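Summary of the model geometry
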Amino acid sequence: QVQLVEFGGGLVQAGDSLRLSCAASGRTFSSYNMAWFRQAPGKEREFVGGIRWSGGSTYYADSVKGRFTISRDNAKNTVYLQMNSLKPEDTAVYYCAVDRVGQRFGVLSYESHEYNYWGQGTQVTVSS
């Protein structure tokens, strides 16, 4: 049974940093793109960033580019999201997700429907 569990959310002040972790179990995801999404109250779920299975290229939403960094440790079946210079508008539930297609070639997808395994989410709240 595939399971993704996110850790590391919390309440911080603007300008602080947080590091989210997403531990996967049930299968190995080294051949899959992985991504982080977030959903704020009353808003659609949105792409935050992703990391390719091959080469480790990373992609980010414009709103977090330069502040957030995604990395993965395939030996631990874990993906991370380092979030620096947090802003109140970063407040949301953050989800990690796994691409539904293994060894996908081409650009990593920003669309949530292209991901078929999801964690339960972790709340990040940034106060001003």
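Preceding this section is the structure that the text describes.
First, a word on scope: everything that follows refers to the structure included in this document. All of these numbers come straight from a predicted model, not from anything done at the bench. (Residues numbered from 1 in each chain as written. Predicted model: local features only at pLDDT ≥ 70, side-chain atom pairs only at ≥ 80, totals over all residues. Heavy atoms only, no water.)

1. Describing the overall build of the chain
We count it as follows: Helix numbering and strand numbering both begin at the N terminus, where a helix is a DSSP run of H or I of at least 4 residues and a strand a DSSP run of E of at least 2. Atoms counted for the radius of gyration: C-alpha only. Globule rule: 2.2 Å times residue count to the power 0.38. In what follows, residue pairs with any heavy atoms lying within 4.5 Å of each other are defined as contacts. Here the accessible surface of atoms and residues is derived via Shrake-Rupley with a 1.4 Å probe, and residues count as covered only by protein chains that are part of the display. By the counting scheme adopted, Arg and Lys are positive, Glu and Asp are negative, and His together with the chain ends is not counted. One atom stands in for each charge, and that atom is NZ of Lys, CZ of Arg, CG of Asp or CD of Glu.
A tally of regular secondary structure across the chain gives zero helices and eleven strands. Secondary structure elements in the chain, listed N-terminal to C-terminal, are β-β-β-β-β-β-β-β-β-β-β. Relative to the compact-globule value of 14 Å for 128 residues, the chain shows a C-alpha radius of gyration of 14 Å, a close match. In terms of overall dimensions, the chain has a C-alpha envelope of 40 × 30 × 25 Å along the principal axes. Considering only contacts within the chain whose residues lie at least 6 apart along the sequence, 59% involve residues at least 24 apart. Element-wise, carbon and sulfur atoms account for 45% of the exposed surface of the chain, whose accessible area totals about 6,400 Å². For the chain, the centre of its 13 positive side-chain charges and the centre of its 11 negative side-chain charges are spaced 5 Å apart.

2. As for the state of the cysteines
Condition: Disulfide assignment relies on a single distance test, namely cysteine sulfur atoms paired within 2.5 Å. The buried label applies to any residue whose accessible area, calculated with a 1.4 Å probe on protein chains only, is under 20% of its type's maximum; exposed applies above 50%, and partly exposed to all values in between.
Counted by the stated rule, this structure contains one disulfide. In this model Cys-22 forms its disulfide with Cys-96; the gap between the sulfur atoms is 1.9 Å. An S-S torsion of about 50° defines the bridge between Cys-22 and Cys-96 as right-handed. With Cys-22 in strand E3 (residues 18-25) and Cys-96 in strand E9 (residues 92-102), the pair connects residues that are 74 residues apart, well separated along the chain. With a relative accessible area of 0%, Cys-96 lands in the buried category.

3. Considerations on the pairing of strand E4 (residues 32-39)
Stated precisely, the cut-off is as follows: Between any two strands, at least two bridges found by DSSP are needed for them to pair.
Within E4, seven of the eight residues are buried, which leaves the element mostly enclosed by the surrounding structure. Bridge count between E4 and E9: seven bridges; the pairing is antiparallel. Residue pairing for E9: Met-34 is matched across the bridge by Val-98. Linking E4 to strand E5 (residues 46-51), which pair antiparallel, is a turn of six residues; within it Gly-42 sits at a positive phi near 75°.

4. Let's talk about the nonpolar core
If you look at soluble globular proteins, the nonpolar side chains tend to sit buried side by side. Counted only if it meets this: Only buried Ala, Val, Leu, Ile, Met, Phe, Trp, Tyr and Cys residues count toward a nonpolar core, and they belong to the same one when joined by side-chain atoms within 4.5 Å.
Among the nonpolar cores identified, the biggest contains 28 residues, and Trp-36, Phe-68, Val-79, Leu-81, Met-83 and Tyr-94 are the most heavily contacted of them. Taken together, the elements giving at least two residues each to this core come down to E3, E4, E5, strand E7 (68-73), strand E8 (78-83), E9 and strand E11 (122-127). The contact partners of Met-83, leaving out residues within four places of it in the chain, are Asp-16, Ser-17, Leu-18, Leu-20, Arg-67, Phe-68, Tyr-94 and Val-124. With six residues, the next largest nonpolar core counts Ala-35, Phe-37, Phe-47 and Tyr-115 among its residues.

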